[in-house]
Amino acid sequence: MVERDHWWPVALASAVGPTPLACWLLGEPLVLWRHEAGAVQVLADRCPHRGARLSLGAVVQGQLQCPYHGWRFDGAGRCRAIPALPAFIPAPAQAAHAYAACEAHGMVWVCLGQPSVAVPALPDLPPRCVAHGPFDVATSAPRVVENFLDTAHFAFVHDGWLGEPAHADVPPCAVSHTPDGRPFVADYPAWQPRASAGAQQGTWVRYRYEVLSPFAAMLQKRPDGDGPADAYVLWVCPMQEESCRVWFVQHTTDFDTPDESLRTFQAMIFAQDQPILESQTPKRLPLYAGGEAMCAADRLSAAYRRYLRDTGIAYGVC
């Protein structure tokens, strides 16, 4: 499946250290840790000896030690020691499975197959960066991305914050595409009673949405006028077909509002989204005609679904 050849975010880079960290990607359990030299290592979270979770073990001299019998593995998965047989040189068949990892945009990325698509690129963004999450959500990754791209729900799910029923109308907007087929909307006006943690009154906001990859998107918000644009980047890890892990990374010109206030605001906004997302059925995103009713206000959602079809994505869709 094509998803195995993509890079996916699995953790904030700051969350990975010398202690084993368990996570899931595309239905597979992984264990991450950071080598003493600083590089992130990723193995299947299963000891090849008796199947114990390696994430329950410890990092010893830069190697991951199984909690069951103490077998130790390096970042390439090679078994380096079997304490029960001190003089024995482990064979290749006794290795754990290793995966490729890299760091970008403050995240750790993992590819389960042969990387064929680069990590999504970002433009120059405001210098202050605040990460929100992770949020674990009991729905598929594309459901979360489509919700992020949808403004018609603001007036109802985020009434009094990002929208209000008196401004529920969605103006016509043109959906364009990047050279590699990713959809974006360049200029979209929205009335928001409280557009950010630091906002004191309602204002019109100009939106620019862009899909960065099958399960990632970016929103750039600019107050109507000449104000600088802030950006919210959505990174979604497809843990299972119907569960995912979500981060929002905020790039902002607001240097006055404390990080904790920004995080409290974003957590409150997503707490309004999450029960709706988890209530949707089916949890996998329907891509084909007849799956769900559509209207003209769903132009960007429709373009996103076409993009997933064209990309060959099958994980988390139906």
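Since the model is a prediction, treat every value here as computed from it, not as a measurement. (Residues numbered from 1 in each chain as written. Predicted model: local features only at pLDDT ≥ 70, side-chain atom pairs only at ≥ 80, totals over all residues. Heavy atoms only, no water.)

Student: Explain the overall build of the protein here, please?
Tutor: Summing up its helical and strand segments, the protein has 4 helices and 17 strands in all. Taken along its principal axes, the extent of the C-alpha atoms in the protein is 75 × 50 × 35 Å. The burial tally for the protein puts 49% of its 318 residues in the buried class. A total of about 14,300 Å² of accessible surface is found on the protein, and carbon and sulfur atoms cover 54% of it. A gap of 8 Å separates the mean positions of the 24 positive and 31 negative side-chain charges of the protein. (Helix = DSSP H or I, 4+ residues; strand = E, 2+ residues; numbered from the N terminus. Buried < 20%, exposed > 50% of the residue type's maximum accessible area, 1.4 Å probe, protein only. Areas by Shrake-Rupley, 256 points an atom, 1.4 Å probe, with all protein chains shown as cover. Lys, Arg positive; Asp, Glu negative; His and termini not counted. Charge placed at Lys NZ, Arg CZ, Asp CG, Glu CD.)

Student: Whenever I open this one, the pairing of strand 10 (residues 107-111) confuses me. Can you help?
Tutor: Among the 5 residues in strand 10, 5 count as buried, and that is most of the element. The alternating pattern of strand 10 places M107, W109 and C111 on one face and V108 and V110 on the opposite face, and all of these are buried. Across 4 bridges, the pairing between strand 1 (residues 8-12) and strand 10 is antiparallel. Counterpart to P9 in the pairing with strand 10 is W109. Looking at chain direction, strand 9 (residues 100-104) and strand 10 are connected through 5 bridges and run antiparallel. Note on strand 10: the bridge partner recorded for A100 is C111. (Pairing = 2+ DSSP bridges.)

Student: It is not clear to me how the sheet that holds strand 5 (residues 58-60) should be interpreted in this structure. Could you clarify?
Tutor: Pairing between sheet strands relies on hydrogen bonds along the backbone, with the strands arranged either parallel or antiparallel. Read across the sheet, 4 strands follow the order 5-6-7-8 without closing on themselves; strand pairing throughout is antiparallel. The open sheet has two edge strands, strand 5 and strand 8 (79-81), and neither has a second partner. Pairing between strand 6 (residues 63-65) and strand 7 (residues 72-73): 2 bridges, direction antiparallel. The residue bridging Q65 from the neighbouring strand is R72, located in strand 7.

Student: Please explain the environment of A216 as it appears in this structure.
Tutor: Structurally, A216 can be placed in strand 15 (residues 216-223). On a C-alpha basis, the gap between A216 and P9 in space is 9.5 Å, while along the polypeptide they are 207 residues apart. Leaving out residues up to four positions away in the same chain, A216 has contacts with V145, V211, L234 and W235. (Contact = heavy atoms within 4.5 Å.)

Student: When you look at helix 3 (residues 259-279) in this model, what are you seeing that I'm missing?
Tutor: What sets the pattern is the α-helix's 3.6 residues per turn: residues three or four places apart point alike. For helix 3, built from 21 residues, the straight-helix expectation of 30 Å at 1.5 Å per residue is met to within 8% by its first-to-last C-alpha distance of 30 Å. Along its length, helix 3 reaches its greatest deviation from straightness, about 25°, at D273, and the proline P275 lies no more than four positions downstream. Listing the buried residues of helix 3 in full gives L262, F265, Q266, I269, F270, D273, Q274 and L277. Considering only its buried residues, helix 3 is in contact with strand 11 (128-137), helix 1 (141-149), helix 2 (154-157), strand 16 (230-240) and strand 17 (243-252). (Expected span 1.5 Å × (residues − 1). Bend = angle between axes of the 7 residues up to and from the residue.)

Student: When you look at the side chain of R34 in this model, what are you seeing that I'm missing?
Tutor: Locating R34 in the fold gives a position in strand 3 (residues 28-34). The exposure class assigned to R34 is buried, which follows from its relative accessible area of 19%. A distance of 2.9 Å separates a polar atom in the side chain of R34 from the backbone oxygen of A13. In terms of polar contacts, R34 uses its side chain to reach the backbone carbonyl oxygen of V16, at 2.9 Å. If we ignore the near neighbours within four places in the chain, the residues touching R34 are A13, V16, G17, P18, A39, V40 and E103. (Polar contact = N/O pair within 3.5 Å; in protein donor to acceptor, adjacent residues only side chain to side chain.)

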